[in-house]
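Chain residues, written in single-letter form:
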Amino acid sequence: MQAAFSEIEEKAKLAKAASKKLAFTPTNIKNEALLAIAQALLDREDQILHNNDKDYREAEASGMGAAMLDRLMLNSSRLKGISDDVKTIAKLPDPVGEVIEERTLPNGLLLSKRRVPLGVIGAIYESRPNVTVDISTLCLKSGNACILRGGKESGRSNLALAETVQEAAYKAGIPRGAIQFIETTDRTLVDQMLKMKDSIDLVIPRGGASLIKFIKENAAMAVVAGGI
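Residues numbered from 1 in each chain as written. Predicted model: local features only at pLDDT ≥ 70, side-chain atom pairs only at ≥ 80, totals over all residues. Heavy atoms only, no water.

Notes on the sheet that holds strand β6 (residues 202-206)
Selection rule: Two strands form a pair only when DSSP identifies at least two bridges running between them. By definition, any uninterrupted DSSP run of H or I lasting at least four residues is a helix, any uninterrupted run of E lasting at least two residues is a strand, and each is numbered from the N terminus.
Taking strand neighbours across the sheet as the criterion, the 5 strands line up as β5-β4-β3-β6-β7 in an open arrangement whose pairing is parallel. Lying at the two open borders of the sheet, with one neighbouring strand each, are β5 (179-181) and β7 (222-223). Note that β6 and β7 share 2 bridges and pair parallel. The partner of leucine 202 across the bridge, within β7, is alanine 222.

Thoughts on the pairing of strand β1 (residues 99-104)
The pairing of β1 with strand β2 (residues 110-114) spans 5 bridges and is classified as antiparallel. Its bridge partner lying in β2, valine 99 is registered against arginine 114. Following β1, the chain reverses through 5 residues before pairing antiparallel with β2; glycine 108 in that reversal takes a positive phi of roughly 95 degrees.

Re the pattern of salt bridges
Any two side chains of opposite charge can pair, so long as their charged atoms come close to each other. This is how it is decided: Any carboxyl oxygen of Asp or Glu that lies within 4 Å of a side-chain nitrogen of Lys or Arg is treated as forming a salt bridge with it. Note on exposure labels: buried denotes an accessible area under 20% of the residue type's maximum, exposed denotes more than 50%, and partly exposed covers the range between, all computed with a 1.4 Å probe on protein chains only.
According to the stated counting rule, one finds 13 salt bridges in the structure shown. Of the charged contacts, one joins lysine 30 and aspartate 94 as a salt bridge, the two residues approaching to 2.9 Å between their closest N and O atoms. Placement of lysine 30 in helix α2 (residues 27-43) and of aspartate 94 in the loop between α5 (76-91) and β1 is noted, with a sequence separation of 64 residues between them. Aspartate 55 is paired through a salt bridge with arginine 156; the nearest N and O atoms lie 3.1 Å apart. Of this pair, aspartate 55 sits in helix α3 (residues 45-61) while arginine 156 sits in helix α7 (residues 155-171), and the two are 101 residues apart along the sequence. Taking relative accessible area as the criterion, aspartate 55 reaches 2% and is therefore assigned buried. The network of salt bridges with common partners includes Arg44, Glu167 and Lys171.

Regarding the nonpolar core
As a reminder, the rule being used: Only buried residues count toward a nonpolar core, which is a set of Ala, Val, Leu, Ile, Met, Phe, Trp, Tyr and Cys residues joined through side-chain atoms within 4.5 Å. Note on definitions: a residue-residue contact is assigned when non-hydrogen atoms from the two residues lie within 4.5 Å.
With 58 residues, the main nonpolar core has Ile37, Leu41, Ile124, Leu140, Ile147, Ile174 and Ile200 as its most contacted residues. When residues in this core are grouped by element, the largest group, 7 residues, is from α7. The contact partners of isoleucine 200, leaving out residues within four places of it in the chain, are Val120, Ile121, Gly122, Ile147, Met193 and Met221.

Considerations on the environment of leucine 140
For leucine 140, the position within the fold is in helix α6 (residues 130-141). For the pair leucine 140 and lysine 30, spaced 110 residues apart in the sequence, the C-alpha separation amounts to 6.8 Å. Not counting the four nearest positions on each side in its chain, leucine 140 is found in contact with Lys30, Ala33, Leu34, Ile37, Ala169, Ile174 and Ile179.

Details of the environment of arginine 71
For arginine 71, the position within the fold is in helix α4 (residues 66-72). Here arginine 71 falls in the partly exposed class, since its relative accessible area comes to 37%. Contacts of arginine 71, omitting those with residues within four sequence positions, involve Ser127, Arg128 and Pro129.

Quick word on α2
Owing to its 3.6 residues per turn, the α-helix brings residues three or four apart onto one side. The following threshold applies: One less than the residue count of a helix, multiplied by 1.5 Å, gives the span that helix is expected to have.
For α2, which comprises 17 residues, the first-to-last C-alpha distance of 24 Å matches the rise-based estimate of 24 Å (1.5 Å per residue) to within 8%. Where the residues of α2 are buried, they touch α3, α5, α6 and α7.

Quick look at the packing of helix α8 (residues 188-195) against helix α9 (residues 209-218)
Rules: In this analysis, axes come from line fits to C-alpha atoms, helices being fitted only over the stretch in contact, and the angle between any two N-to-C directions falls in the range 0 to 180 degrees. When an angle is under 35 degrees it counts as roughly parallel; over 145 it counts as roughly antiparallel; between 65 and 115 it counts as roughly perpendicular; any other value is oblique. Each crossing gets its handedness from the near helix: less than a right angle anticlockwise from the far helix is left-handed, clockwise is right-handed. Ten residues, namely Ala, Val, Leu, Ile, Met, Phe, Trp, Tyr, Cys and Pro, are considered nonpolar, four, namely Asp, Glu, Lys and Arg, are considered charged, and the remaining ones, Gly among them, are considered polar.
It is at 10 Å that the axes of α8 and α9 come closest, and there the two elements cross at 40 degrees. Of the possible angle classes, the one that applies to α8 and α9 is oblique. Crossing of α8 against α9: the hand is right-handed. Residues Val190, Asp191 and Leu194 of α8 form the contact with α9, whose participating residues are Phe214, Ile215 and Asn218. Taken together, the residues of the contact of α8 with α9 break down into 4 nonpolar, 1 polar and 1 charged.

Function cannot be inferred from these measures alone, as they are strictly geometric.
What follows is the structure in structure tokens.
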């Protein structure tokens, strides 16, 4: 387990260093990376679906319910939908540098508020493998590095998707280390992540009520938790 702790600490350091470069990465580079990711997902369809099939069969054998199995399953149509979603993100305006408030002080000084990246976003989620792509690409667009920790039931699928995103993004010019994936699925790593406020600036939980409650109660950094 010590090796797993060392893994997450090292990946967090790499993400933190990369976040400082990613914050200044030009919009065109980010968009080119997103389009490259969208294409790579289709190019690696066989590998991704093969890994997902292993996850699905293992989950089915364990007695996982039909609704959860459906969330876990990927097929050609769903993978194309994920790819199309990434293309949609590429078309969105770049939020970095957007002026959200501006006024001139009595002394003539122009004062403005601009959107800036948060830094490193940690994502802890459960069975939906598409979340791996959703969060990593949204973070990329907004200039934030990310650390992804998915559920064990979709471990192989998440790894295949994360590696696809990483390779395509880095080839397109995104700083190496900006997209990190934690392969170890032991629950104790969640506790470790939630203590790393010096490396992780924000945590986003995606999953059931118990997961969200646990993270909100134990995170040392800010948490954004939406609906269940």
